[in-house]
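Single-letter residue listing:
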Amino acid sequence: ATACAALKQEWPKCDLHPMGLTAANVHSHKDTVVHLFATSTDEVPEDHEATLRAIVNGVGFQADFFADCRGCSSILLTEARTGDRCAIRFGPNAEKAKGCTELIISTIAAKEQYRVALVALEALLRQNKMIDDTGANPAQLSGEALAVMIIAIVASYPNEPPDAGRLLIDFFLTYGFQAHFDVATQSICPKTGMAQPRKKLHNTHLSVIDPSDMAGNLTPKTDKVPLLLAVFNYCYTAMSQFEQVDQGHRRAQSPLSTIIGGEAYWSRVLQLYHQKIPPFYDVVRNKAHTLASHR
C-alpha cells in the first residue's frame, strides 16, 4: 500500500497487480520478494530514476533500478526498517506481464496441488542458488519462468489433472532427461504442453515461451542451464528410488525431503510444515515427540 501510494505521486492513476510467484500465492520464506506490475504508467520522464528515488526515499524505502527479462523498467524497493522487498515493473511495457499473470492465477493459484509443487520447486532451486528472487539477475531462472515450466507440464495432461507428487515427478522426468526435452532444439510452451515439445523459437540457452507474447522468451539470458537440468535429473532419480530403499536405511522421511536435503536441511522441512504443505506437514506431526525431546 505504501509503495502504491508513493508511485501515485508520479502517476496518479497507477495501480499495482501481482505477478510471478506473488500471483501464484507463493510466500515460502520471510525474505520473499513481492512481485508487482503497474498499470497506467505509460509516460516515463527522462529523469524518472532520480524522481522515483526521491519519492520512495521519502517514505522509508531504498531503491534499485533494473530491466527484467522483457526489458521492462523495474524498481526494487527495500523497506529500511524491516528489510521487506518489493519489485515493481512500470512504464509502457509493464502490462506485458498481464497475460502470463492471468495464466498463473487461473492454473496454479486456483489449484492447491499445483501451488504445492511450485513451493517445493522454488525451495529446491533457492537452496541451490539457482533462482532469481528479485528479477534483477537474468542469468538465473525467474520465479515467473519456473511457474510457466510447471504450467507446461500441466498442459501435457489431456484429461485427469495430476496431484502434486505426480506433477513433481513428471516435471523432473521431463526437464531432467534429453529424451523428453532437448534444450538445444525445443522450447517450453505453456499452451501446447510438453508431450510434443515445440521447435525451439529462440537462440538462447533456454527457451521458455512467454504466455503474454508467444514470440517472447522468459529466459533470454539464463545460463548454467546444463547444471539446472542436472539437478532435475538427480531429483527424479532420488524420488523414483526412494520407495525402493528399505525403511530403516532412508536418509529422510519423504521423497521431497530427500531431494531438498533430508536431515541436514530439517529447518527447510519445518518451514514447509508451517505452510501445511504435504508431505512435510504430516512428517513433522509424526515426529513431534522427537522434536519435543530435543528442546
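In the block above lies the structure referred to throughout.
A quick note: this is a predicted structure, and the numbers were derived from the prediction, not measured.

So, how was this worked out
- Residues numbered from 1 in each chain as written.
- Predicted model: local features only at pLDDT ≥ 70, side-chain atom pairs only at ≥ 80, totals over all residues.
- Heavy atoms only, no water.
- Helix = DSSP H or I, 4+ residues; strand = E, 2+ residues; numbered from the N terminus.
- Contact = heavy atoms within 4.5 Å.
- Buried < 20%, exposed > 50% of the residue type's maximum accessible area, 1.4 Å probe, protein only.
- Salt bridge = Lys/Arg side-chain N within 4 Å of Asp/Glu carboxyl O.
- Pairing = 2+ DSSP bridges.
- Axes fitted to C-alpha atoms, helices over the stretch in contact; angles between N-to-C directions.
- Parallel < 35°, antiparallel > 145°, perpendicular 65-115°, else oblique.
- Left-handed = near helix turned anticlockwise from the far one by under 90°.
- Nonpolar A, V, L, I, M, F, W, Y, C, P; charged D, E, K, R; others polar.

A. How the structure looks around the side chain of Thr78. Along the polypeptide, Thr78 turns up in strand 4 (residues 73-79). Residues in contact with Thr78, not counting those within four places in the same chain, are Gly60, Phe61, Gln62, Gly83, Asp84 and Arg85.

B. A look at unusual backbone geometry. At Ser40, a position not held by glycine, the phi torsion is positive, near 60°. Residue placement: Ser40 occurs in the loop between strand 2 (34-39) and helix 3 (48-57). On the basis of relative accessibility, which here comes to 38%, the residue Ser40 falls in the partly exposed class. At Lys129, a position not held by glycine, the phi torsion is positive, near 55°. Lys129 sits in the exposed class, given a relative accessible area of 68%.

C. Broad picture of the pattern of salt bridges. Following the criterion strictly, the structure yields seven salt bridges and no others. In this structure, the salt-bridge partner of Glu79 is Arg81, at a minimum N-O distance of 3.6 Å. Owing to a relative accessible area of 22%, Glu79 belongs among the partly exposed residues under this scheme. Here Asp170 makes a salt bridge to Arg166, at a shortest N to O gap of 2.7 Å. Pair noted here: Asp170 and Arg166 are both in helix 7 (residues 164-176), with a separation of four residues, about one helical turn.

D. Focus on the pairing of strand 5 (residues 85-89). Within strand 5, four of the five residues are buried, leaving the element largely enclosed by the surrounding structure. Looking at chain direction, strand 2 and strand 5 are connected through four bridges and run parallel. Paired with His35 across the bridge in strand 5 is Ala87. Across five bridges, strand 4 lies against strand 5 in antiparallel orientation.

E. Layout of the packing of helix 5 (residues 112-127) against helix 6 (residues 143-154). Where helix 5 meets helix 6, the axes come as close as 10 Å, and the angle between the chain directions of the two elements is 135°. In terms of axis orientation, helix 5 runs oblique to helix 6. Classified by chirality, the crossing of helix 6 by helix 5 is right-handed. On the side of helix 5, the interface is formed by Tyr114, Ala117, Leu118, Leu121, Glu122 and Leu125, while helix 6 contributes Leu146, Ala147, Ile150 and Val154. For the contact of helix 5 with helix 6, a count of residues per class yields nine nonpolar, no polar and one charged.

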